[in-house]
Amino acid sequence: MRLLVTGGLGFIGSNFIRHMLSKRRGLRVVNLDARTYAGNPANLADLAGDPRYRWIRGDIADPRTVERAMAGCDAVVHCAAETHVDRSILDASVFLRTNVIGTQVLLDAALRQRVSRFVHVSTDEVYGSVPRGRSREEDRLKPNSPYAASKAASDLVARSYAVTHGAPVIVTRASNNFGPYQYPEKALPLMITNWLDGLPFPLYGDGLQVRDWLYVVDHARALELVLEKGKPGEIYNVGGSHGCDNLELVERVRGLMGIPKDLVRRVADRPGHDRRYALDCSKLRALGFRHAYAFSEALEKTVSWYRARQQWWRPLKKGGGYQAYYRKQYSPRLKAEVR
Ligand code: DAU
């Protein structure tokens, strides 16, 4: 089988490609990735020289590039996206272009090239905040951030191609991923790497927002299962193995790393911050999915990985783009710390 993975230099995409190539000998993977700030060839450095893997640098919103990358592929797993909520608040335009237009361009090519499966990797954020209970796949979409709105829009475009054109589209909606190779702007890698440098972690608001933590390797396993056994036209929630609020997350990581309390700073909240996500994953379980990693084990592995792989994240944090973003996002907040 020849598989096109979009966004394969990103966090989820790179973990997915590594997982698939380690499991399936006869597989060929084409990775279409624009190498944005969050796409990093170092994420797949271990595949250098592997004849089963090829990276094509290009934009998913460019039809000619997409056509070329998809040629001869049997299936597509579409991971490419702009994904950071805080950045979407600062500037939404690239989110709409990549996440919505990019998905439409890919779907058009998938129809022309008659691929057998198109897995659209989405997020639980499309359901919006759920005060109680768990979101089911048929629930109405109520995205609150520009990022979540762009993903909800792309889910609807994908759905429309399945209904109107019979495209073999499957949508997955995952909860908060964590693990190796996550760009250090997201809460967990930011926390761990800041603490390794003796810097504070800026905790938004009261820290009582609940997230459902999914180890990225389990996410890769779920995507593999859905690709193989999922039903075209269906949506599958992919939840984590532990839901908790940010205060608990901070305490667990602080405990693992032996960090003093004063390295947590309460800062002004994220505007529109969703209070709680929780997923009903019975459809995925019915396909046979079980988590392979307990949360505590996966969290320990993750902390150890960032401790051991400083040569991976230090250059990212030193970069001008990261520094400029960090200053814009956090300087005013850290100056006006909330007690
Ligand atoms: O739920 C799935 C989503 O999870 C994905 O679709 C997104 O791409 C991914 O970024 C993530 O969204 P969140 O906004 O939940 O993740 P983030 O790591 O930014 O934040 C996790 C929680 O930590 C959230 O409640 C906000 C909080 N937080 C985050 C940052 C970056 C802080 O308190 N301080 C911070 O500096």
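You'll find the structure just up there.
Residues numbered from 1 in each chain as written. Predicted model: local features only at pLDDT ≥ 70, side-chain atom pairs only at ≥ 80, totals over all residues. Heavy atoms only, no water.

### Focus on the sheet that holds strand S4 (residues 75-78)
Argument step 1. The parallel open sheet is built from seven strands, whose spatial order is S3-S2-S1-S4-S5-S6-S10. Looking at the sheet topology across the chains shown, the edges are occupied by strand S3 (53-57) and strand S10 (235-238). In this sheet, neighbouring strand axes are inclined to one another by 20 degrees on average, regardless of whether the strands run parallel or antiparallel.
Argument step 2. The pairing of strand S1 (residues 2-6) with S4 spans four bridges and is parallel. Counted as the bridge partner of Leu-3 is Ala-75 from S4.
Argument step 3. In this fold helix H2 (residues 63-70) packs onto S1, strand S2 (28-33), S3 and S4, with an angle of close to 170 degrees to the strand it touches most, S2. (Pairing = 2+ DSSP bridges. Helix = DSSP H or I, 4+ residues; strand = E, 2+ residues; numbered from the N terminus. Axes fitted to C-alpha atoms, helices over the stretch in contact; angles between N-to-C directions. Contact = heavy atoms within 4.5 Å.)

### Some details on the site of the ligand
Argument step 1. Taken together, 26 residues lie near the ligand, and Thr-123, Asp-124, Glu-125, Tyr-147 and Arg-270 sit nearest.
Argument step 2. With respect to the ligand, the side chain of Tyr-147 contributes an N or O atom lying 2.6 Å from an oxygen atom.
Argument step 3. Take Tyr-204: an N or O atom from its main chain is 2.8 Å from an oxygen atom of the ligand.
Argument step 4. Burial of the ligand by the protein chains amounts to 95% of its free accessible area of 680 Å².
Argument step 5. Of all the secondary-structure elements, those providing two or more residues to the shell around the ligand are helix H3 (85-90), helix H6 (187-196) and strand S8 (201-204). (Near = heavy atom within 4 Å. Polar contact = N/O pair within 3.5 Å; in protein donor to acceptor, adjacent residues only side chain to side chain. Areas by Shrake-Rupley, 256 points an atom, 1.4 Å probe, with all protein chains shown as cover.)

### Regarding the pattern of salt bridges
Argument step 1. Under the defined criterion, the tally for this structure stands at 18 salt bridges.
Argument step 2. Between Lys-23 and Glu-224 there is a salt bridge whose closest N-O contact spans 3.1 Å. Of the two residues, Lys-23 sits in helix H1 (residues 11-23) while Glu-224 sits in helix H7 (residues 216-229), which places them 201 residues apart along the sequence.
Argument step 3. You can call Glu-224 buried: its relative accessible area is 9%.
Argument step 4. For Asp-50, the salt bridge goes to Arg-52, with nearest N and O atoms at 3.0 Å. Per residue, the accessibility class of Asp-50 equals that of Arg-52, and both read buried.
Argument step 5. Counted as one network, the salt bridges with shared partners bring together Lys-23, Arg-24, Glu-224 and Glu-228. (Salt bridge = Lys/Arg side-chain N within 4 Å of Asp/Glu carboxyl O. Buried < 20%, exposed > 50% of the residue type's maximum accessible area, 1.4 Å probe, protein only.)

### Focus: the packing of aromatic side chains
The description of two aromatic rings rests on the distance between their centres and on the angle between their planes.
Argument step 1. This structure, assessed with the given rule, holds 16 aromatic pairs.
Argument step 2. Ring centres of Tyr-37 and Tyr-183 lie 5.0 Å apart, and the angle between their planes is 80 degrees; this geometry places the pair in the edge-to-face category. Here Tyr-183 lies in the loop between strand S7 (176-178) and H6 and Tyr-37 lies in the loop between S2 and S3, a separation of 146 residues in the sequence.
Argument step 3. Judged by its relative accessible area of 9%, Tyr-183 is buried.
Argument step 4. For the pair Trp-195 and Phe-201, a centre-to-centre distance of 6.5 Å together with 75 degrees between the ring planes defines the contact as edge-to-face. The pair Trp-195 / Phe-201 is uniform in exposure class, with both members buried.
Argument step 5. The lysine or arginine in question, Arg-87, covers the ring of Tyr-37, its NZ or CZ lying 3.8 Å from the ring centre.
Argument step 6. Directly above the ring of Tyr-325 sits Arg-87, whose terminal nitrogen or CZ lies 4.1 Å from the centroid. (Phe/Tyr/Trp six-rings, centres within 6.5 Å; stacked < 30°, edge-to-face > 60°. Lys NZ or Arg CZ within 6 Å of the ring centre and 35° of its normal.)

### Observations regarding the environment of Tyr-215
Argument step 1. Relative to the elements of secondary structure, Tyr-215 occurs in strand S9 (residues 210-215).
Argument step 2. According to the relative accessible area criterion, Tyr-215 is buried, its value standing at 7%.
Argument step 3. For the pair Tyr-215 and Val-5, spaced 210 residues apart in the sequence, the C-alpha separation amounts to 19 Å.
Argument step 4. Contacts of Tyr-215, omitting those with residues within four sequence positions, involve Phe-178, Gly-179, Pro-180, Tyr-293, Ala-298, Lys-301 and Thr-302.

### Points about the nonpolar core
Argument step 1. Core analysis: the biggest nonpolar cluster contains 34 residues, and Phe-178, Leu-188, Met-191, Trp-195 and Val-253 have the highest contact counts within it.
Argument step 2. Elements represented by at least two residues in this core include exactly H6, S8, S9, helix H8 (246-257), strand S12 (264-267), helix H10 (295-308), helix H11 (310-318) and helix H12 (320-335).
Argument step 3. In terms of residue count, H10 provides more of this core than any other element does, six residues in total.
Argument step 4. Residues contacting Met-191, with those up to four places away along its chain left out, are Phe-201, Leu-249, Val-250 and Val-253.
Argument step 5. Within the second largest apolar cluster, 27 residues are counted, among which are Leu-32, Met-70, Cys-73 and Val-76. (Core = buried A, V, L, I, M, F, W, Y, C linked by side-chain atoms within 4.5 Å.)

### Observations concerning H6
Argument step 1. Counting buried positions over the ten residues of H6 gives eight, a clear majority of the element.
Argument step 2. Along H6, the residues classified as buried are Leu-188, Pro-189, Leu-190, Met-191, Ile-192, Thr-193, Asn-194 and Trp-195.
Argument step 3. With its phi angle positive at about 75 degrees, Gly-198 sits one or two positions after the end of H6.

### Some thoughts on H2
Residue pairs three or four apart in sequence face the same way in an α-helix, which turns once every 3.6 residues.
Argument step 1. When H2 is considered as a whole, its buried residues turn out to be Thr-65, Val-66, Ala-69 and Met-70. Take H2 and look down its axis: the buried residues cluster within an arc of 120 degrees, on one side only. Seen from the buried face of H2, the exposed residues on the opposite side, beyond 90 degrees, are Arg-64 and Arg-68.
Argument step 2. Where H2 is buried, its residues contact S1, S2, S3, S4 and helix H4 (93-112).
Argument step 3. Just past H2, the residue Gly-72 takes up positive phi, approximately 80 degrees. (Arc of directions from axis to C-beta.)

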